[in-house]
Amino acid sequence: MAIFAPMIYHFVVGDMAAQPLQEAIQLEPSLQGEVIVLKDILHVGPLKKEAGSGFSALRTAFWQEVLGADKQVEVDDMERLLEVSKQMFQNPDTQAWLWMAPWPADVMAYHWMLPYLGKHMGRFYLVNIAGLPFLDENGKVFFPKNISDIQPKELVKARRLARQVTPAELEIDGEEWNKMEQENAPIRTHEGGKKIAARSEDHYDNILTSFCSQQYQKAHKVVNQAISKYNVPTGDTYLGYRLRHMAAGGKLLLQGDATKTLKDFDVKLPGGDTPAATN
């Protein structure tokens with residue numbers, strides 16, 4: 001007689017993390033289910049809804065500002081989360097797993113999801129890889145910071161880490177989202193475990209300007225150096241937005257078309273000469 005395996009909704013933040021997870025599911029029948037890719041990164045931008053406005057509208061407006069009017073964006077993570085919750089109410093054997101790395105976007109996703117999936121007590125699972133060793137493609141031990149860094153066969157093994165979110169976590173951690181909503185900080189950083197700290201909007205600005213000089217250089221070069229050296233977790237899109245914001249405030253000078261990609265405009269500190277930028 002065949003044993004029924006419950007349907008699992010696997011939540012993961014970002015397309016890069018989704019790819020190895022999807023491969024792992026193909027390798028392991030007990031992981032069968034659907035991968036739900038969360039596109040938003042909740043550690044930047046507002047969280048507190050205004051009266052008469054939904055969460056998705058709030059986040060869409062924020063990312064629209066970041067990306068500029070020439071690009072269209074729609075954030076629908078909330079709608080997909082609510083659909084999963086609806087399916088879980090209708091199908092009592094269904095589970096939801098969040099694959100969480102020690103990364104601010106992942107930890108924020110946990111706090112955001114908790115009030116919704118916590119309603120399905122005993123069926124919301126957390127796969128937390130923080131501080132745990134894995135083998136890389138060369139068989140060497142490392143401690144990944146992102147799900148995307150882990151080989152699919154190692155993710156298959158990681159399924160044993162899955163544990164039910166407890167009533168105590170629902171009570172204690174559930175308060176964190178309310179706190180973050182009220183703080184409504186423009187940036188949030190991961191401080192270890194499930195701890196998140198509120199930061200000002202200029203939190204990463206000094207890092208960005210440290211790679212600028214009084215000669216023009218490509219914006220993508222400045223951003224890539226900041227991410228590479230300081231492991232800034234916001235991604236290049238948001239850091240490009242901060243460069244434009246600083247230029248608007250006179251802290252940087254800008255040339256080129258800042259409405260396009262980071263390769264289409266240059267930045268420099270005020271002062272100095274202004275020769276053409278080089279890659």
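These numbers come from a predicted model, not from an experiment.

### Some remarks on a nonpolar patch on the surface
And then number 1: Where nonpolar side chains cluster on the molecular surface, the patch consists of Leu135, Val141 and Phe143 and spans about 290 Å² of accessible area.
And then number 2: Its place among the elements puts Leu135 in strand E5 (residues 134–135).
And then number 3: With a relative accessible area of 32%, Leu135 lands in the partly exposed category.

### Looking at the nonpolar core
And then number 1: Membership of the largest hydrophobic core comes to 83 residues, with the highest contact counts inside it found for Phe11, Trp99, Trp112 and Met113.
And then number 2: A total of nine residues in this core trace back to one element, the largest contributor, which is helix H4 (residues 104–117).
And then number 3: Not counting chain neighbours up to four residues away, the residues in contact with Trp99 comprise His10, Phe11, Leu21, Leu31, Asp106, Val127, Ile147, Leu155, Ala158 and Arg159.

### Focus on the sheet that holds strand E11 (residues 253–256)
And then number 1: The strand order E10-E12-E11 describes an open sheet built from three strands, whose pairing is antiparallel. Of all the strands in the sheet, the pair left with one neighbour each is strand E10 (217–218) and E11.
And then number 2: Both E10 and strand E12 (residues 265–268) contribute to a ladder of two bridges, which runs antiparallel. By the bridge assignment for E12, Lys218 is matched with Asp266.

### Quick look at the pattern of salt bridges
And then number 1: One pass over the full model with this rule turns up 15 salt bridges.
And then number 2: Note that Arg242 and Glu201 form a salt bridge whose closest N and O atoms lie 3.7 Å from each other. Here Arg242, found in helix H9 (residues 236–248), pairs with Glu201, found in the loop between strand E9 (196–199) and helix H7 (205–210); they are 41 residues apart in sequence, far enough to count as distant.
And then number 3: Residue class for Arg242 comes out buried when judged on its relative accessible area of 3%.
And then number 4: Glu201 sits in the partly exposed class, given a relative accessible area of 40%.
And then number 5: Sharing partners across several salt bridges, the network here consists of Arg163, Glu169, Asp173 and Lys194.

### Here we look at the sheet that holds strand E4 (residues 124–128)
And then number 1: Pairing in this open sheet of five strands is mixed, and the strands run E2-E1-E3-E4-E7 from one edge to the other. Strands at the two margins of the open sheet, each flanked by one partner only, are strand E2 (33–38) and strand E7 (163–164).
And then number 2: Pairing of E4 with E7 involves two bridges; the strand directions are antiparallel. By the bridge assignment, Leu126 is partnered in E7 with Arg163.
And then number 3: Along the sheet, helix H1 (residues 15–27) makes contact with strand E1 (8–13), E2 and strand E3 (95–100), crossing E2 at roughly 170 degrees.
And then number 4: Along the sheet face, helix H3 (residues 77–90) touches E1, E2 and E3 and points at about 155 degrees away from the line of E2.

### Considering H9
And then number 1: Compared with an ideal rise of 1.5 Å per residue, which puts 13 residues at 18 Å, H9 spans 18 Å between its outermost C-alpha atoms and is within 8% of the ideal.
And then number 2: Here H9 has its buried residues at Tyr238, Leu239, Gly240, Tyr241, Arg242, Leu243, Met246 and Ala247.
And then number 3: Backbone geometry just after H9 places Gly250 at a positive phi near 85 degrees.

### Description of the packing of aromatic side chains
And then number 1: This model, assessed by the stated rule, comprises eight aromatic pairs.
And then number 2: Consider the rings of Phe211 and Tyr230, whose centres lie 6.0 Å apart with planes at 70 degrees: the pair is edge-to-face. Of the two residues, Phe211 sits in the loop between H7 and E10 while Tyr230 sits in helix H8 (residues 219–230), which places them 19 residues apart along the sequence.
And then number 3: Residue classification places Phe211 among the buried positions, given a relative accessible area of 17%.
And then number 4: Classification of Tyr230 as partly exposed rests on a relative accessible area of 43%.
And then number 5: Among the aromatic residues, ring-to-ring pairing joins Phe62, Trp63, Tyr238 and Tyr241 into one connected group.
And then number 6: Directly above the aromatic system of Tyr216 lies the positively charged group of Lys268, at a separation of 5.8 Å from the ring centroid.

### Re the environment of Lys145
And then number 1: By secondary structure assignment, the location of Lys145 is in the loop between strand E6 (141–142) and helix H5 (152–158).
And then number 2: Linking Lys145 and Ala101, residues 44 residues apart in sequence, is a C-alpha distance of 6.0 Å.
And then number 3: Not counting chain neighbours up to four residues away, the residues in contact with Lys145 comprise Ala101, Pro102 and Trp103.

### So, the packing of H4 against helix H6 (residues 167–183)
And then number 1: Contact geometry of H4 with H6 gives a least axis separation of 9 Å together with a crossing angle of 105 degrees. Classed by the angle they form, the pair H4 and H6 counts as roughly perpendicular. Side by side, H4 and H6 meet where Met108, Tyr110, His111, Trp112 and Leu114 of the first sit next to Glu169, Leu170, Asp173, Gly174, Glu176, Trp177 and Met180 of the second.
And then number 2: Looking at the contact of H4 with H6, its residues break down into seven nonpolar, two polar and three charged.

Conventions and cut-offs
- Residues numbered from 1 in each chain as written.
- Predicted model: local features only at pLDDT ≥ 70, side-chain atom pairs only at ≥ 80, totals over all residues.
- Heavy atoms only, no water.
- Patch = residues over 30% accessible without salt bridge, like charges linked within 9 Å, V, L, I, M, F, W, Y side chains within 5 Å.
- Areas by Shrake-Rupley, 256 points an atom, 1.4 Å probe, with all protein chains shown as cover.
- Salt bridge = Lys/Arg side-chain N within 4 Å of Asp/Glu carboxyl O.
- Helix = DSSP H or I, 4+ residues; strand = E, 2+ residues; numbered from the N terminus.
- Buried < 20%, exposed > 50% of the residue type's maximum accessible area, 1.4 Å probe, protein only.
- Core = buried A, V, L, I, M, F, W, Y, C linked by side-chain atoms within 4.5 Å.
- Contact = heavy atoms within 4.5 Å.
- Pairing = 2+ DSSP bridges.
- Axes fitted to C-alpha atoms, helices over the stretch in contact; angles between N-to-C directions.
- Expected span 1.5 Å × (residues − 1).
- Phe/Tyr/Trp six-rings, centres within 6.5 Å; stacked < 30°, edge-to-face > 60°.
- Lys NZ or Arg CZ within 6 Å of the ring centre and 35° of its normal.
- Parallel < 35°, antiparallel > 145°, perpendicular 65-115°, else oblique.
- Nonpolar A, V, L, I, M, F, W, Y, C, P; charged D, E, K, R; others polar.

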